[in-house]
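# Summary of structural features
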Amino acid sequence: MGFFDKLFGSKSSQDDSVKFVNQSKTVLAPLSGKVIKQEEIPDETFAQGILGPGCGIEPTGTTVYAPFDGTVNQVATTLHAVGLTSKDGVEILIHVGMDTVEMQGSAFKALVKEGQSVKAGTPLLKVDLDAIRAAGHPTATAIIVTNGDDLGELTMLAEGDVPAGTPLLKF
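The shown structure was predicted, so the numbers you read here are calculated from the model rather than taken from an experiment. (Residues numbered from 1 in each chain as written. Predicted model: local features only at pLDDT ≥ 70, side-chain atom pairs only at ≥ 80, totals over all residues. Heavy atoms only, no water.)

## Section: unusual backbone geometry
Phi angles above zero are rare outside glycine, and lysine 25 is one such case at about 50°. Along the chain, the position of lysine 25 falls in the loop between α2 (12–18) and β1 (26–28). Owing to a relative accessible area of 29%, lysine 25 belongs among the partly exposed residues under this scheme. Phi at leucine 79 is positive, roughly 65°, even though this residue is not glycine. Along the chain, leucine 79 turns up in the loop between β5 (70–75) and β6 (81–86). (Helix = DSSP H or I, 4+ residues; strand = E, 2+ residues; numbered from the N terminus. Buried < 20%, exposed > 50% of the residue type's maximum accessible area, 1.4 Å probe, protein only.)

In structure tokens form, the structure reads like this:
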């Protein structure tokens, strides 16, 4: 953001949605942050790939966006996780923070409902990262492809710090 954008304002609050471009069998980063390898996710179930292949993001952003065009299959009753299926059959679980189910939704706000159709970049959840940290939970977010065995080889497309909407995983 430049000096004039800071002084006079800009459309930067809308920039995240503009950066999302749906791509076939590609999962875009659902939130801004630092990409971490699956084995570095601070939860054994996710790190070992028991639920499927994927990666993690140590978030800096507080909005979780749809990583592709598809349908919301599930929003956890505790609002810490959302499941989606893309139009081309990729099933994904976005699990915000570790052990955040214990927070009973206190740091989360759902912005979508089960069964809702979404486009890449549709806001799914708002997250209070400070509240998650204050509760003593890691904020690392797991992005897991739950039907990865049906899709072939998964390729990581990004590493390091990424803005939401960056191509992250591809089959």
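## A word on the sheet that holds β1
Each strand in a sheet pairs with another by means of backbone hydrogen bonds, the pair being arranged parallel or else antiparallel. Strand order in the open sheet made by the 3 strands is β1-β14-β12, with antiparallel pairing throughout. Of all strands in the sheet, those with a lone pairing partner are β1 and β12 (155–156), marking the two edges. When β12 meets strand β14 (residues 167–170), the two strands line up antiparallel, connected through 2 bridges. Counterpart to threonine 155 in the pairing with β14 is lysine 170. (Pairing = 2+ DSSP bridges.)

## Some points on the environment of valine 118
Take valine 118: it is sitting in strand β9 (residues 117–118). We classify valine 118 as buried; its relative accessible area is 4%. Sequence separation between valine 118 and leucine 84 is 34 residues; the distance between their C-alpha atoms is 9.2 Å.

## A short note on the pattern of salt bridges
Throughout the structure, instances matching the rule amount to 1 salt bridge. The partner of aspartate 130 in a salt bridge is arginine 133, with the nearest N and O atoms 3.2 Å apart. Within this pair, aspartate 130 and its partner arginine 133 are both found in helix α4 (residues 129–134), separated by 3 residues, close to a single helical turn. Judged by its relative accessible area of 56%, aspartate 130 is exposed. Residue classification places arginine 133 among the partly exposed residues on the basis of a relative accessible area of 42%. (Salt bridge = Lys/Arg side-chain N within 4 Å of Asp/Glu carboxyl O.)

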